[in-house]
Amino acid sequence: MPSKKLKIQIMSPNLLESDYVVLGDQLIKQWRIPVHHRMQLVFGSLRQTVRVVPLSKFDGIRISQQLAAQMGVQPRASLRLTYRPHSTTLQFGPLLGVLISRDYPDSPERPFGPITMFCKELVNACQLQGVYVYFFTTDQIGANSSSVSAWVYGDGWKKSQVPAADVFYNRLTSRKLENKPSVQHFLKEVKSRYGSHFFNEKFLDKTEVFDALSRDPSISKYLPESYAFQGLQTLKGMCAKHPVVFLKPIKGSLGKGIIRISRLEGGAFQTQTAQVGGTRRQTYPSLAKLYTALSGKMKATRYQIQQGLSLIEADRRPIDFRALVQKNLSGNWNVTSIVARTAGGHHFVSNLARGGSLSTVKEAVLKSSLPSNLKGRIPSKLRKAALYIADAVDHQIPAHFGELGIDLAVDNAGHIWLLEVNSKPSKNDNTPIGVGKIRPSVKQVVEYTRYLSGF
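Cut-offs applied
- Residues numbered from 1 in each chain as written.
- Predicted model: local features only at pLDDT ≥ 70, side-chain atom pairs only at ≥ 80, totals over all residues.
- Heavy atoms only, no water.
- Helix = DSSP H or I, 4+ residues; strand = E, 2+ residues; numbered from the N terminus.
- Contact = heavy atoms within 4.5 Å.
- Areas by Shrake-Rupley, 256 points an atom, 1.4 Å probe, with all protein chains shown as cover.
- Lys, Arg positive; Asp, Glu negative; His and termini not counted.
- Charge placed at Lys NZ, Arg CZ, Asp CG, Glu CD.
- Salt bridge = Lys/Arg side-chain N within 4 Å of Asp/Glu carboxyl O.
- Buried < 20%, exposed > 50% of the residue type's maximum accessible area, 1.4 Å probe, protein only.
- Pairing = 2+ DSSP bridges.
- 1 Å grid on protein atoms, 1.4 Å probe; cavity = no way out; pocket = protein on both sides within 12 Å on 5 of 7 lines; lining within 4 Å.
- Points joined across faces, edges and corners; volume = space filled by probe spheres on them.
- Nonpolar A, V, L, I, M, F, W, Y, C, P; charged D, E, K, R; others polar.
- Phe/Tyr/Trp six-rings, centres within 6.5 Å; stacked < 30°, edge-to-face > 60°.
- Axes fitted to C-alpha atoms, helices over the stretch in contact; angles between N-to-C directions.
- Parallel < 35°, antiparallel > 145°, perpendicular 65-115°, else oblique.
- Left-handed = near helix turned anticlockwise from the far one by under 90°.
- Polar contact = N/O pair within 3.5 Å; in protein donor to acceptor, adjacent residues only side chain to side chain.
- Core = buried A, V, L, I, M, F, W, Y, C linked by side-chain atoms within 4.5 Å.

**Q** Before we go on, may I ask you to explain the overall build of the protein chain in this structure?
**A** Scanning the protein chain for helices and strands turns up 12 helices and 25 strands. Taking the contacts inside the protein chain whose residues are at least 6 apart along the sequence as the reference set, 67% of them involve residues at least 24 apart. Approximately 21000 Å² of the protein chain is accessible, and the part contributed by carbon and sulfur atoms is 49%. Here the protein chain carries 61 positive and 32 negative side-chain charges, and the mean point of each set is 2 Å from the other.

Below is the structure:
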């Protein structure tokens, strides 16, 4: 049965019984919905017995204030409706719950800090497609998984009690929060009790990604040599093979803590460490001395050691590429965008947090040191690699992902390499967009929600 987007009208007290729903007579005839008979209304985890009343020349849904409060919906919301005749069920939805790290109740204009604009953009995208969305933190998860105290948008942001959603989107930016027992228990409960879908359900770490992807022969050509760092012998082995190697914190992000190790003439080694103000350089007469100097860090942080690559450059600054890959209305991976990132002066990593700059792929490739005959092929090769890698993550890592940030690099021979896969691409309010504009990346989240929920 198809779904139809309809506007909700919440009736004043005493104008409509709490267990009645008013629908247009044309829709009732078209879908053959029995009237004045008991049936089940479903909205996320909410199950309510109702009777349907027809109204001529009406194209919406009327519900009582009491039912609206149980559903947690605000006036003038639009929802999709479908009728399931085999179970005599009216299903409203889909209901999307977004799990976020923090809220700021004392800042009504920016209740979610730096991701507030993204949240409002998601609300607008949901309204256009008849999806109802709410936002909640780990502190708002209670003992009962059937409902959540969450933020919804009506005439401004407000708190409302809402049912567990059909689909949950994990936007937690902290591994500590994600691993809280209450969060893991909630995740299990909503999946098993209500059949809820939960996507981007976990952080990825570098060793897990490279170990998993190395099992897929179709993408081995994209993988630089990479291992969990085990100590001096690992370092010696990699440095004997490659003139440059990188040590990357397994759970790091934003370029924090990356160490570049290069072999110098005469047998000495140099480290370059990414720092806020630039790059810190140190020279050691041997690998053993270098390892001794780093061993304190090694005790506190686990690292991945990775082959250094001869990346294309512009003005002697390395370039890499971030592909945002998302699942669409058909449930298939789709490349939403690819941007080029050029490292800032005095930095060897390209992250914006380290002074890097963004440009289009075409602009960066044209400015780069890549031979002219190879430049035209790069955009399509990047897209192809991003889709292959996303598909391999799906098949090799036992978790549900709906979007991935895939960091790619191009070497001076035009070969594509995988640098990193990120399951929590940034949503901070640092991308200027026009008022009321909805980016394709936000629209795609809503479309994948509809796919998962069957709407």
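Back to the write-up after that little detour.
**Q** Even after reading the chapter, I still don't get the pattern of salt bridges, so can you show me in this structure?
**A** Between side chains of opposite charge, pairing is possible as soon as their charged atoms come close. Following the criterion strictly, the structure yields 15 salt bridges and no others. Two residues, Lys202 and Glu208, come together in a salt bridge whose shortest N-O distance is 2.5 Å. Accessibility expressed as a relative area gives 26% for Lys202, which makes it partly exposed. The network of salt bridges with common partners includes Asp320, Arg322, Arg341 and Asp407.

**Q** Would you take a moment to explain the pairing of strand S10 (residues 147-154) for this structure?
**A** When a strand is regular, its side chains alternate between the sheet's two faces. Sheet topology note: the S10/strand S11 (residues 156-163) ladder contains 8 bridges and is antiparallel. In the strand pairing of S11, Trp151 is matched with Lys159. Linking S10 back to S11 in an antiparallel pair, the connection comprises 1 residue.

**Q** Mind showing me how you'd approach the layout of surface pockets here?
**A** Of the pockets and cavities examined, the second largest pocket occupies roughly 240 Å³. Elements supplying a minimum of two residues to the lining of the second largest pocket: helix H4 (175-178) and helix H5 (181-194). Looking at the lining of the second largest pocket element by element, the count peaks at 3 residues for H5. Of the residues contributing to the lining of the second largest pocket, the split by class is 5 nonpolar, 2 polar and 8 charged.

**Q** Whenever I open this one, the packing of aromatic side chains confuses me. Can you help?
**A** Aromatic ring pairs are described here by two measures, namely the spacing of the ring centres and the angle between the planes. A full pass over the atoms with the stated rule returns 15 aromatic pairs. Considering the side-chain rings of Phe136 and Phe168, the 5.9 Å spacing of their centres and the 70° angle between planes classify their relative orientation as edge-to-face. One end of the pair, Phe136, is in strand S9 (residues 132-137); the other, Phe168, is in strand S12 (residues 167-170), and 32 residues separate them in sequence. The interplanar angle of 15° and the centroid separation of 5.9 Å between the aromatic rings of Tyr448 and Tyr451 together place this pair among those described as stacked. A residue pair is termed a helical-turn pair when its members lie 3 or 4 positions apart in one helix, as Tyr448 and Tyr451 do in helix H12 (residues 440-453) at 3 residues. A relative accessible area of 3% means that Tyr448 is categorised as buried. Members of the aromatic cluster, connected to one another through ring pairs, are Phe112, Phe135, Trp151, Tyr153 and Trp157.

**Q** Where do I start with unusual backbone geometry in this structure?
**A** Most peptide bonds take the trans form, and the phi angle of most residues other than glycine is negative. In this model, Gly93 is joined to Pro94 through a cis peptide bond whose omega is -5°. Among the secondary structure elements, Pro94 is positioned in the loop between strand S7 (89-93) and strand S8 (95-100). A positive phi is found at Arg32, a non-glycine position, where the angle reads about 55°. A relative accessible area of 73% places Arg32 in the exposed class. Positioned with a positive phi, Lys57 is a non-glycine residue whose angle comes to about 50°. Considering the arrangement of structural elements, one finds Lys57 in the loop between strand S4 (46-55) and strand S5 (61-64). The class for Lys57 is exposed, based on a relative accessible area of 86%.

**Q** In this structure, what is going on with the packing of helix H7 (residues 232-241) against helix H8 (residues 287-300)? I would like to understand it.
**A** At a minimum axis distance of 10 Å, the contact between H7 and H8 shows a crossing angle of 135°. The orientation of H7 with respect to H8, classified from their angle, is oblique. Relative to H8, H7 is oriented so that their crossing is right-handed. Counting all contacts with H7, which are made through Leu232, Leu235, Lys236 and Cys239, the residues of H8 involved are Leu287, Ala288, Leu290 and Tyr291.

**Q** Is there a simple way to think about the sheet that holds S4 in this case?
**A** Each strand in a sheet pairs with another by means of backbone hydrogen bonds, the pair being arranged parallel or else antiparallel. Sheet architecture is closed into a barrel: 7 strands sit in the order S1-S5-S2-S4-S3-S7-S6, paired in mixed fashion. Sheet twist, expressed as the average angle between the axes of neighbouring strands with direction ignored, equals 40°. Bridge count between strand S2 (residues 20-24) and S4: 5 bridges; the pairing is parallel. Of the residues in S4, the one forming a bridge with Tyr20 is Arg51.

**Q** What is the right way to look at the side chain of Ser453 in this model?
**A** Residue position: Ser453 is located in helix H12. By relative accessible area, Ser453 is classed as buried at 13%. One polar contact links the side chain of Ser453 to the main-chain carbonyl oxygen of Thr449, over a distance of 2.8 Å. Within the structure, the side chain of Ser453 is placed 3.3 Å from the backbone oxygen of Arg450, a separation counted as a polar contact. Not counting chain neighbours up to four residues away, the residues in contact with Ser453 comprise Pro94, Asp166 and Val167.

**Q** How should the nonpolar core be read in this particular structure?
**A** Burial of nonpolar side chains together is a common tendency in soluble globular proteins. Core analysis: the biggest nonpolar cluster contains 46 residues, and Phe43, Phe92 and Tyr134 have the highest contact counts within it. The dominant element in this core, judged by the number of residues it contributes, is H5, at 4 residues. Counting residues in each nonpolar core, the second largest holds 41 residues, with Leu213, Ile397, Phe401 and Leu418 among its members.

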